[in-house]
There are 2 protein chains.
Amino acid sequence: MLRDCELSVTAFDWVPGFAQGLVRDLRVRWALEEAGIPYGVDLLNQGTQGGAANLARQPFGQVPSLRMGDGSMFESGAIVWRIAQESDVLLPSDAAGRDAALSWLFAALNTVEPPISMLAQLEIFSTDKEAATRLRPEIVDAIRLRLSALERELSGRDWLTDRFTVGDLMMAAVLRMVDRDMLGNFPAVSAYLDRCIDRPAFRKALADQLRPFAQNEARYASMMQ
Amino acid sequence: MLRDCELSVTAFDWVPGFAQGLVRDLRVRWALEEAGIPYGVDLLNQGTQGGAANLARQPFGQVPSLRMGDGSMFESGAIVWRIAQESDVLLPSDAAGRDAALSWLFAALNTVEPPISMLAQLEIFSTDKEAATRLRPEIVDAIRLRLSALERELSGRDWLTDRFTVGDLMMAAVLRMVDRDMLGNFPAVSAYLDRCIDRPAFRKALADQLRPFAQNEARYASMMQ
């Protein structure tokens with residue numbers, strides 16, 4: 001049982017503005033808050049994530065990983081699903097409800113997120129801004145196609161299934177990456193996202209992720225000049 | 001228990017050449033074959049996947065979904081993980097081993113696959129071939145970064161953990177999408193992929209996916225002229 005272990009999540013002590021509130025440890029923090037499971041944080045100095053210490057916990061040098069007593073896990077999707085096993089806030093007890101939540105968790109990560117990530121990748125990281133701009137419309141179309149399907153599913157419903165589950169947590173975490181102007185064309189999806197991120201567990205998780213960024217902002221700003 | 005249900009997976013009766021052997025029902029078929037769980041197939045006519053019948057099973061109009069007696073699931077990642085719960089070929093019985101397999105399953109889908117899918121997306125579907133070509137090198141770099149991490153993990157090892165698991169199944173399914181020339185620079189990864197796809201369960205699943213494509217090739221070829 002996770003609640004019998006000492007838990008610690010890796011997170012960054014600072015990230016650039018575009019990534020603040022989006023680093024994947026937020027998803028793990030949110031799940032732990034919903035489940036009411038206490039945890040600690042191992043803050044990594046920005047720039048050290050590819051070093052041997054983090055690679056021993058996370059083979060790709062990413063954040064987050066979760067230390068659980070003697071054990072450990074990586075990949076926020078995996079960790080969030082693992083946490084959900086121990087929380088009746090995140091998963092119902094009936095098999096059909098659990099299967100539906102599992103389907104939606106993967107739909108968030110593997111159907112809805114890919115075009116959203118692709119757009120972010122091109123807009124933020126591409127070194128060929130002109131080529132990236134030319135490809136933008138077709139990627140936006142792919143995002144809209146996913147949002148249209150969600151709009152249909154969510155019309156007249158509060159959650160993806162008949163109650164909040166880990167599937168909603170992950171879908172909301174993904175939808176937060178979409179530009180609010182684009183989301184505005186999908187009223188049921190927008191209202192759903194607002195409903196999800198108004199949860200106290202989300203607000204606490206977000207504040208906890210952001211706190212060290214604010215504390216370390218000045219130090220990193222001076223290093224980057 | 002899945003093995004007490006009547007199971008049927010959705011699959012296409014035909015897809016274009018570039019997608020043959022890559023449609024995601026293959027991942028589900030492979031898992032079912034490894035687990036020794038019998039299943040049927042609901043073949044969809046190519047072009048009908050966005051219609052009401054499939055949308056009732058798969059909210060995004062995709063393939064696959066799995067009917068399990070009275071219940072159903074969608075998203076190949078979700079279905080494969082669900083199947084793994086009932087197979088000691090796909091998952092060990094100890095908690096640490098199961099947690100590791102879960103981490104690797106998500107690493108395959110959410111860390112290794114995204115740049116690979118992005119490249120396929122640009123090369124196959126982009127309508128702006130010149131812009132897509134200009135962005136290719138930076139996406140190839142992102143793929144190589146993931147493959148380098150895997151090369152490090154797999155050096156001197158047969159599997160991602162101490163035995164074959166559902167994590168290897170999913171990683172191999174993802175690595176099959178990478179160009180063999182690119183993979184050739186990563187000998188441990190290449191040998192690992194060969195080891196995975198030499199499994200009888202994979203070969204049976206692949207043959208079963210491909211069979212209707214061959215049977216229906218002539219009919220679709222004539223429709224597309």
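Scope of this entry: the structure provided in the associated data block. What you are looking at is a predicted structure, and each value in this text was computed from that prediction instead of being measured.

1. Points about the nonpolar core
And then number 1: A:Trp30, A:Ile83, A:Leu150, B:Ile83 and B:Leu150 are the most contacted members of the largest nonpolar core, which totals 142 residues.
And then number 2: Dropping the residues within four chain positions of it, A:Trp30 is found in contact with A:Phe164, A:Leu169, A:Ala172, A:Ala173, A:Cys196, A:Arg199, A:Ala201, A:Phe202 and A:Ala205.

2. Digging into the sheet that holds strand β1 (residues 7-12) of chain B
In a beta sheet, neighbouring strands are held together by backbone hydrogen bonds and run either parallel or antiparallel to one another.
All names here are of chain B.
And then number 1: Judged by pairing direction, the sheet is mixed, and its 4 strands sit side by side in the order β2-β1-β3-β4 without closing on themselves. A single partner strand is all that each edge strand has here, and the edge strands are β2 (40-44) and β4 (71-74). When the angles between neighbouring strand axes are averaged without regard to direction, this sheet yields 25°.
And then number 2: Bridge count between strand β3 (residues 65-68) and β4: 4 bridges; the pairing is antiparallel. Bridge pairing in β4 places Met68 opposite Gly71.

3. Digging into the interface of chain A and chain B
And then number 1: Contacts between chain A and chain B engage 41 residues on the former and 41 residues on the latter.
And then number 2: Interface area, chain A with chain B, both sides summed: about 3,600 Å², of which 62% is carbon and sulfur.
And then number 3: One salt bridge in this structure joins B:Arg82 and A:Asp99, with 3.1 Å as the shortest N-O distance.
And then number 4: Along the contact surface separating chain A from chain B lie 18 residue pairs in polar contact (both at pLDDT 80 or more).

4. Some words on the layout of surface pockets
And then number 1: Taken as a whole, the second largest pocket holds about 450 Å³ of empty space.
And then number 2: A:Gly71, A:Ser72, A:Met73, A:Phe74 and B:Ala100 are the residues nearest the centre of the second largest pocket, which is lined by 24 residues in total.
And then number 3: At the level of secondary structure, the elements contributing two or more residues to the lining of the second largest pocket comprise α2 (52-57), β3 (65-68) and β4 (71-74) of chain A together with α4 (95-125) of chain B.
And then number 4: With 6 residues, the top contributor of residues to the lining of the second largest pocket is α4(B).

5. Describing empty space enclosed by the protein
Empty space among the atoms becomes visible once a probe the size of a water molecule is rolled across them.
And then number 1: Enumeration according to the criterion identifies 2 cavities of 30 Å³ or more in this entry.
And then number 2: Put simply, the largest cavity is a space of about 70 Å³.
And then number 3: Surrounding the largest cavity, A:Gly21, A:Leu22, A:Val23, A:Arg24, A:Leu26, A:Arg27, A:Trp30, A:Ala173, A:Arg176, A:Met177 and A:Phe202 form its lining.
And then number 4: The element best represented in the lining of the largest cavity is helix α1 (residues 25-35) of chain A, accounting for 3 residues.
And then number 5: Residue classes in the lining of the largest cavity are distributed as 7 nonpolar, 1 polar and 3 charged.
And then number 6: Each of domain 1 (2-88 + 201-223) and domain 2 (95-199) of chain A gives at least three residues to the lining of the largest cavity.
And then number 7: Of the pockets and cavities examined, the second largest cavity occupies roughly 50 Å³.
And then number 8: For the second largest cavity, the full set of lining residues is B:Gly21, B:Leu22, B:Val23, B:Leu26, B:Arg27, B:Trp30, B:Ala173 and B:Arg176.

6. Examining a nonpolar patch on the surface
Residues and elements named next belong to chain A.
And then number 1: Taken together, the side chains of Phe18, Ile124 and Phe125 make up a nonpolar region of the molecular surface, amounting to roughly 290 Å² of accessible area.
And then number 2: Along the chain, Ile124 falls in helix α4 (residues 95-125).
And then number 3: Owing to a relative accessible area of 35%, Ile124 belongs among the partly exposed residues under this scheme.

Criteria and thresholds
Residues numbered from 1 in each chain as written. Chains lettered and ligands numbered in written order. Predicted model: local features only at pLDDT ≥ 70, side-chain atom pairs only at ≥ 80, totals over all residues. Heavy atoms only, no water. Core = buried A, V, L, I, M, F, W, Y, C linked by side-chain atoms within 4.5 Å. Buried < 20%, exposed > 50% of the residue type's maximum accessible area, 1.4 Å probe, protein only. Contact = heavy atoms within 4.5 Å. Pairing = 2+ DSSP bridges. Helix = DSSP H or I, 4+ residues; strand = E, 2+ residues; numbered from the N terminus. Axes fitted to C-alpha atoms, helices over the stretch in contact; angles between N-to-C directions. Buried area = accessible area lost by both parts, 1.4 Å probe. Salt bridge = Lys/Arg side-chain N within 4 Å of Asp/Glu carboxyl O. Polar contact = N/O pair within 3.5 Å; in protein donor to acceptor, adjacent residues only side chain to side chain. 1 Å grid on protein atoms, 1.4 Å probe; cavity = no way out; pocket = protein on both sides within 12 Å on 5 of 7 lines; lining within 4 Å. Points joined across faces, edges and corners; volume = space filled by probe spheres on them. Nonpolar A, V, L, I, M, F, W, Y, C, P; charged D, E, K, R; others polar. Domains from an automatic or database assignment. Patch = residues over 30% accessible without salt bridge, like charges linked within 9 Å, V, L, I, M, F, W, Y side chains within 5 Å. Areas by Shrake-Rupley, 256 points an atom, 1.4 Å probe, with all protein chains shown as cover.

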